[in-house]
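Listed below, chain by chain, are the residues.
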Amino acid sequence: MMWTSFLLIGFLPVSGALWAEKYVRGVVGRAITIDCYYDAMYSSDTKYWCQGWTPLCSVLVETNGQHVQNGRMSITDNPEWGIFTVTIEDLRSGDTGWYSCGISESGFDTRFNLHLQVSEEPVSFPVVRYLSLANVSCLGGSVSLSCESFQGSLPIQYTWYEQTSSGHQKISDTNELALRCQSLIHQHHQYYCSASNQLGARSSGIVKVMVFNNREICSYVTEINGTRPVPFCENTAQRKKTTSPQIRAFTTVSRALWADDKVRGVVGRAITINCHYAPMYRSHTKYFCRIRSHQCTSLVNTNGQTEQPGRMTIRDNTSQGIFTVTMENLVPQDTGVYRCGIATSGKTLEFDVQLQVSDEPVSVPVLRYLPTANIMRVGGSVTMSCESVQGSLPIQYTWHENISSVDSKISENSKLDLRCQSFEHQHHQYYCTASNTRGAKSSEIVNVSTYTRGGNCSLVIRFSGTGREHSCETFTTVSTASSMIWKVGRWLLFALLMISTISVTWFTRKTKRPERLDPPRLVYKVK
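Criteria and cut-off values
- Residues numbered from 1 in each chain as written.
- Predicted model: local features only at pLDDT ≥ 70, side-chain atom pairs only at ≥ 80, totals over all residues.
- Heavy atoms only, no water.
- Core = buried A, V, L, I, M, F, W, Y, C linked by side-chain atoms within 4.5 Å.
- Buried < 20%, exposed > 50% of the residue type's maximum accessible area, 1.4 Å probe, protein only.
- Helix = DSSP H or I, 4+ residues; strand = E, 2+ residues; numbered from the N terminus.
- Contact = heavy atoms within 4.5 Å.
- Pairing = 2+ DSSP bridges.
- Salt bridge = Lys/Arg side-chain N within 4 Å of Asp/Glu carboxyl O.
- Disulfide = S-S within 2.5 Å.
- pLDDT = per-residue confidence, 0-100.
- Polar contact = N/O pair within 3.5 Å; in protein donor to acceptor, adjacent residues only side chain to side chain.
- Patch = residues over 30% accessible without salt bridge, like charges linked within 9 Å, V, L, I, M, F, W, Y side chains within 5 Å.
- Areas by Shrake-Rupley, 256 points an atom, 1.4 Å probe, with all protein chains shown as cover.
- Phe/Tyr/Trp six-rings, centres within 6.5 Å; stacked < 30°, edge-to-face > 60°.
- Lys NZ or Arg CZ within 6 Å of the ring centre and 35° of its normal.

**Regarding the nonpolar core**
And step 1. Core analysis: the largest hydrophobic core is formed by 27 residues, its most contacted members being L257, F288, F323 and C340.
And step 2. Sorting the residues of this core by element identifies β23 (271–277), β26 (312–317), β27 (322–327), β28 (336–344) and β29 (347–358) as the ones contributing at least two each.
And step 3. At five residues, the largest contribution of residues to this core is made by β29.

**Topic: the environment of G336**
And step 1. Here G336 is to be found in strand β28.
And step 2. Separated by 17 residues in the primary sequence, G336 and V353 place their C-alpha atoms 8.5 Å from one another.
And step 3. Ignoring anything within four residues of it in the chain, the contact list for G336 reads R290, V353, Q354 and L355.

**Here we look at the sheet that holds strand β9 (residues 83–88)**
And step 1. Strand order in the open sheet formed by five strands is β2-β4-β9-β8-β7, with antiparallel pairing between adjacent strands. With one partner strand each, in any of the chains shown, β2 (18–19) and β7 (68–70) form the two edges of the open sheet.
And step 2. Bridging between strand β4 (residues 32–38) and β9 involves six bridges; their strand directions are antiparallel. Bridged to Y37 within β9 is I83.

**Looking at the pairing of strand β18 (residues 200–203)**
And step 1. Alignment of strand β17 (residues 188–197) against β18, held across four bridges, turns out to be antiparallel. Bridging from a neighbouring strand, A195 pairs with R202 of β18.
And step 2. Here β17 folds back onto β18, and the loop between the two strands holds two residues.

**Concerning the sheet that holds strand β21 (residues 257–258)**
And step 1. An order of β21-β23-β27-β26 is seen for the four strands of this open sheet, with the pairing classed as antiparallel. Each having just a single partner strand, β21 and β26 make up the two edges of the open sheet.
And step 2. Of the pairings in the sheet, the one linking β26 to β27 comprises six bridges and is antiparallel in character. Its bridge partner lying in β27, D316 is registered against F323.

**Section: the pattern of salt bridges**
Close approach of charged atoms lets side chains of opposite charge pair.
And step 1. Taken as a whole and assessed by the stated rule, the structure comprises ten salt bridges.
And step 2. Ionic pairing is found between K47 and D77, a salt bridge with its closest N-O pair at 3.0 Å. Of the two residues, K47 is situated in strand β5 (residues 46–51) and D77 in strand β8 (residues 73–78); the sequence distance between them amounts to 30 residues. One exposure class covers both K47 and D77, and it is buried.
And step 3. Ionic pairing is found between D316 and K286, a salt bridge with its closest N-O pair at 2.9 Å. Taken together, the residues D316 in strand β26 and K286 in strand β24 (residues 285–292) connect sequence positions 30 residues apart. Exposure class is identical for D316 and K286. Each is buried.
And step 4. Several salt bridges converge on common partners, so that one network encompasses R339, E350 and D352.

**Considerations on the side chain of D334**
And step 1. Of note, D334 is situated in the loop between β27 and β28.
And step 2. Apart from the residues lying within four places of it in its own chain, the contact partners of D334 are R290, R311, M327, N329, L355 and V357.

**Some thoughts on the state of the cysteines**
And step 1. For the structure on display, the rule yields six disulfides.
And step 2. Disulfide partner of C36: C101, at an S-S distance of 2.0 Å. Looking along the S-S bond of the C36-C101 disulfide, the torsion reads about -50°, which is the left-handed sense. In this pair, C36 is assigned in strand β4 and C101 in strand β10 (residues 97–105), connecting sequence segments 65 residues apart. You'll find C36 and C101 in the same group, each marked buried.
And step 3. For C289, the disulfide goes to C296, at an S-S distance of 1.9 Å. Every disulfide takes its handedness from the sign of the S-S torsion; for C289 and C296 that torsion is 90°, giving right-handed.

**Quick look at the confidence of the model for the chain**
And step 1. Mean pLDDT over the chain stands at 75; residues scoring 70 or higher make up 71%.
And step 2. Note on residues 1–15: pLDDT under 50 across the span, and 62 contacts to partners over four residues away in sequence or across chains.
And step 3. Counting contacts from residues 132–140, a segment whose pLDDT is below 50, to residues more than four positions away or on other chains yields 17 contacts.

**Some points on the pairing of strand β14 (residues 157–164)**
And step 1. In this structure, β14 lies alongside β17, joined through six bridges in antiparallel fashion. Residue pairing in the sheet places Y158 in a bridge with A195 of β17.
And step 2. Relative to strand β15 (residues 167–172), β14 runs antiparallel, the two sharing five bridges. Each residue of the ladder has a partner; that of W160, found in β15, is S172.
And step 3. Taking the residues that link successive antiparallel strands as the turn, the β14-β15 hairpin has two residues.

**Re the environment of D334**
And step 1. Here D334 falls in the buried class, since its relative accessible area comes to 6%.
And step 2. In sequence terms D334 and V267 are 67 residues apart; their C-alpha atoms lie 9.3 Å from each other.
And step 3. Within the structure, D334 has its side chain in polar contact with the side chain of R311 (distance 3.0 Å).

**Overview of a nonpolar patch on the surface**
And step 1. Residues Y23, W53 and W98 make up a contiguous nonpolar surface patch of about 390 Å² in total accessible area.
And step 2. Here Y23 shows up in strand β3 (residues 23–27).
And step 3. Of the residues examined, Y23 reaches a relative accessible area of 57% and is grouped as exposed.

**Focus on the packing of aromatic side chains**
And step 1. Counted by the stated rule, this structure contains seven aromatic pairs.
And step 2. If you follow K47 out to its NZ or CZ, it ends over the ring of Y38, 4.5 Å from the centre.
And step 3. The side chain of R202 reaches across the aromatic face of F125, ending 4.6 Å from its centre.

**A look at unusual backbone geometry**
And step 1. Note the cis peptide between L154 and P155, where omega equals 0°.
And step 2. For D90, which is not a glycine, the phi torsion comes out positive at approximately 50°.
And step 3. Overall, D90 belongs to the partly exposed group, its relative accessible area being 38%.
And step 4. Unusually for a residue other than glycine, N329 sits at a positive phi of about 50°.
And step 5. Relative to the assigned elements, N329 resides in the loop between β27 and β28.

Below, the structure written as structure tokens:
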């Protein structure tokens, strides 16, 4: 059993002053972003990211509120939100290990240890899309398709094939395929893309192309996975007698508007859907609608402003080319097909999104201390919070005290007030339970011990089990002088430990050193 202790003299420390995900996973070749959350009292302090979990961990990047990059790693601090973010590019298997989010405050460090696991993963099924409008030539009757696998270890090899009656013919070793009407020999063509890495390969859906030649006009219609896009790029100018034929290409540029085609939501919680669009549509009206009975009923729309009808909001970020739709308080009836849409002159751009809303059980609740502002420094009291970050809402929270192996319910909310002077016994045990319609889960045990000396009440709190390890230890009293004495004493204790470690190491090496042998002497014999 592992214990994490906090000694308090006069009041409790803020164990939630720095925290992050305890275990994170990354994929070889890709990037990962790790968010480290901190209390507002550290907004102006230096944040850093180091490798290892000991006090002597190696600092990799650090910042004083600015973006700093070192090789494949970068760090960004957002004091307004109380988050500093570490990004690691081009992950490698050797990046697996223990790391620490850290904050330096007046010579003292606060750390949170976490483990990064980097592994190889197979590719996901590749998605075939059209490239942006800027790459489409209406007069040339050509368009380029892109193939991309969004998951799996990098590098990924892409290959385009044409499926014919005689077999499968490789036609390209890149992730792009250019379709030119005049170069298509037959009326019907079928293509697909293959994505592969070290763990295997997967193929995309079939792209069907139908070619129509009518005298001087070459036109074609494409289908991807059985879906025929609405004609988008179409040249309707009158034909003129020229040496080169005019081309009319019936194709849509789906890359001009795209989103995740399948998203999952949880009952009672919120979901955000990001709809990306090409820069040319910044000034156009965006909308979000739901398909029912072959009709798409508009739910929200915007002309660059935010609208809030009921549980749904829409916001357009023209600088990044994204309009965002947020749905609050999801219910199972929200499951269905929706569309991101852009209204343009004479036509519309739309992208279908399948939303699945389901009930989910609660996750193991996490225990945290509330911010410093809520701590009474005189009287030795603090409020603990219990939160299950996953699972369908509403979630019911209950605090229990374990007395002689019997559980006693003491609170039916997510907060528990601990006051040193109110404890009748020296030792107490608490835990929190989170429950919804899918079941219940309990937190780790909180062990509280009280000590009274000279009229002062102090506490020791220990978290049992394998929950979060808090590296933030605050030893403070009401007296500033006592605080300084403790800080100096802690550094002296650390120095003594270092000296002892060095002395033992030196003594061990000396005792194990072999005896020195004198070099052989040459002896001359005189005949």
